[in-house]
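# A look at the structure
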Amino acid sequence: IHHLPILDARTGKPYGMITNTDISRQQRANVLFAISDISNSQNLEELSSNAFQVPQYIASTAKRAGDFDLAGKVLAQATDIMTRKLITFFQQENGKAPMSFCWMVFGSQAREDQTMGSDQDNALLLASPPNQKQADYFERLAAYVCEGLGQCGIKLCDGNIMASNPTLRLSVEAAKKQSERWVKSPTNEAILNFNIFLDARSVAGDNTLLKSLQEYRKPIFKQPMFLAALARNANEGSVPLSMFQKFVYAKGQSHKDSIDIKKSAVAIINNVVRLYALASGLSLPSTVARLNNLPTDSGLSPKDRTNLRDIWMFLNRLRWRHQLTNNVDDNFVRISDLSSMEKHQLKAAFQAIHRAQQAVVLRFSGGIG
């Protein structure tokens with residue numbers, strides 16, 4: 001239907017006409033149109049211009065809890081599309097890749113829970129060790145894509161977890177050997193360095209390369225000593241509650257009643273759930289997807305899985321609302337911005353997270369934290 005006549009309710013006479021163009025014009029605020037514009041970009045200039053529309057649309061349209069639940073996924077999907085477009089632009093100028101490759105993403109993009117402050121974490125997985133000419137091609141590809149994402153508003157990683165870092169352009173065989181080293185020497189420092197790589201997803205290239213790596217990793221990541229080390233690491237962080245169950249505020253913030261929701265809560269849940277997922281042989285990177293797909297013998301009861309999922313979503317709603325309301329990209333939620341009910345829920349959430357930390361230590365490291 002391209003034209004819809006509007007009739008006067010009383011007389012039944014034609015009052016006006018709505019066309020499909022009118023509907024499209026009204027729907028331009030929908031973030032899906034921004035993503036469509038990204039997909040149709042013909043060059044880097046167009047892509048970067050269209051990319052900046054996505055957070056603007058999210059900021060203008062996300063009002064309800066359900067909107068915040070989708071925002072991270074939408075932003076991650078938009079970043080996926082930007083990545084594929086940049087790879088296409090590079091190959092149009094430089095030719096096809098000299099071998100099969102997989103562009104992997106880690107962290108929040110892999111889990112599809114990006115926020116306004118998320119930076120890029122990515123790597124290149126190659127089918128085989130490259131010769132010098134092949135290595136030069138992938139070096140230029142990685143630099144182009146990472147810098148292009150930066151121009152599109154996806155910040156460069158301060159920790160240099162990017163494909164432009166030569167140590168993050170590995171063949172499948174080299175990546176397998178790297179995984180073995182992680183398992184053999186899971187010190188606290190090592191876990192801090194490789195933890196982010198345990199949430200991985202393919203966004204471009206040959207997905208079978210990552211699948212091959214993940215299948216190889218499944219049995220070695222189930223080794224008890226490795227899981228015990230991860231369990232102890234998951235217990236390192238603590239929720240911001242005092243002995244008397246009062247909120248403990250972050251230091252050095254302009255607002256004295258701020259709590260880092262990401263570091264002090266969301267990241268802990270991610271670590272705990274990742275541990276159960278690895279022990280169960282799940283390769284899914286999303287925290288919610290992992291909780292939804294854990295087997296019945298995972299050690300986490302259906303009730304506990306539901307509770308952790310609801311808490312995770314509640315916390316992410318709080319930080320999305322904080323970022324959009326205050327036009328910031330940090331995760332320091334202000335307690336004074338919360339309703340009495342939300343304060344009560346947040347305290348209960350922190351208590352549940354603490355219990356989940358204790359449970360993983362008991363299950364995977366014999367109670368030795």
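The sections below set out a description of the structure shown in this document. (Residues numbered from 1 in each chain as written. Predicted model: local features only at pLDDT ≥ 70, side-chain atom pairs only at ≥ 80, totals over all residues. Heavy atoms only, no water.)

Looking at where Gln-114 falls in the secondary structure, it is placed in the loop between helix 6 (107–111) and strand 4 (122–126). Looking at Gln-114, its side chain comes within polar contact range of the side chain of Thr-79, at 3.2 Å. Filtering out sequence-adjacent residues up to four positions away, Gln-114 remains in contact with Gly-72, Leu-75, Ala-76, Thr-79, Ser-108, Gln-109, Ile-154 and Trp-320. (Helix = DSSP H or I, 4+ residues; strand = E, 2+ residues; numbered from the N terminus. Polar contact = N/O pair within 3.5 Å; in protein donor to acceptor, adjacent residues only side chain to side chain. Contact = heavy atoms within 4.5 Å.)

Below, the discussion takes up a nonpolar patch on the surface. On the surface, Ile-1, Leu-4, Ile-6, Tyr-15 and Ile-18 cluster together to form a nonpolar patch covering roughly 560 Å² of accessible area. When residues of the nonpolar patch are traced back to their parent elements, those giving at least two are strand 1 (3–7) and strand 2 (14–19). Of note, Tyr-15 is situated in strand 2. Given the relative accessible area of 67%, Tyr-15 is considered exposed. (Patch = residues over 30% accessible without salt bridge, like charges linked within 9 Å, V, L, I, M, F, W, Y side chains within 5 Å. Areas by Shrake-Rupley, 256 points an atom, 1.4 Å probe, with all protein chains shown as cover. Salt bridge = Lys/Arg side-chain N within 4 Å of Asp/Glu carboxyl O. Buried < 20%, exposed > 50% of the residue type's maximum accessible area, 1.4 Å probe, protein only.)

Put plainly, a disulfide is one covalent bond tying together the sulfur atoms of two cysteines. Evaluated as defined, the whole model comprises zero disulfides. With no disulfide of its own, Cys-102 has Cys-146 as its nearest cysteine by sulfur position, at a separation of 14 Å. Of the residues examined, Cys-102 reaches a relative accessible area of 0% and is grouped as buried. The closest cysteine sulfur to the non-disulfide-bonded Cys-146 is located on Cys-157, 9.7 Å from its own sulfur. (Disulfide = S-S within 2.5 Å.)

Once that is clear, we can look at the sheet that holds strand 4. Within the open sheet, the four strands sit side by side as 5-4-3-6. Their pairing is mixed. Both outer strands of the open sheet, strand 5 (169–171) and strand 6 (200–205), are each paired with one neighbouring strand and no more. The mean angle between the axes of side-by-side strands here comes to 30°, regardless of whether they run parallel or antiparallel. One ladder, built from five bridges, connects strand 3 (residues 101–106) with strand 4; its direction is antiparallel. Note on strand 4: the bridge partner recorded for Phe-101 is Leu-126. The strands that helix 7 (residues 132–151) touches are strand 3, strand 4 and strand 5; relative to strand 4, the one it contacts most, it runs at about 155°. Relative to strand 5, helix 8 (residues 172–184) is tilted by about 95°, and along the sheet it contacts strand 4 and strand 5. (Pairing = 2+ DSSP bridges. Axes fitted to C-alpha atoms, helices over the stretch in contact; angles between N-to-C directions.)

What follows deals with the environment of Cys-157. Structurally, the position occupied by Cys-157 is in the loop between helix 7 and strand 5. Excluding its chain neighbours within four sequence positions, the residues that come into contact with Cys-157 are Asp-119, Gln-120, Asp-121 and Met-162.

Bringing helix 15 (residues 340–364) into the picture now. Between its first and last C-alpha, helix 15 extends 37 Å over 25 residues, near the 36 Å set by a 1.5 Å rise per residue. Every buried residue of helix 15 is accounted for by Glu-342, Leu-346, Ala-349, Phe-350, Ala-352, Ile-353, Ala-356, Gln-357, Val-360, Val-361 and Phe-364. Where helix 15 is buried, its residues contact helix 11 (224–234), strand 7 (258–260), helix 12 (261–279) and helix 14 (302–326). Two residues or fewer after helix 15 comes Gly-366, characterised by a positive phi angle close to 65°. (Expected span 1.5 Å × (residues − 1).)

Another point: unusual backbone geometry. Positive phi, normally seen in glycine, also occurs at Gln-245, with a value near 60°. Structurally, Gln-245 can be placed in the loop between helix 11 and strand 7. Positive phi outside glycine occurs at Asn-327, with the angle close to 55°. Considering the arrangement of structural elements, one finds Asn-327 in the loop between helix 14 and strand 8 (332–334).

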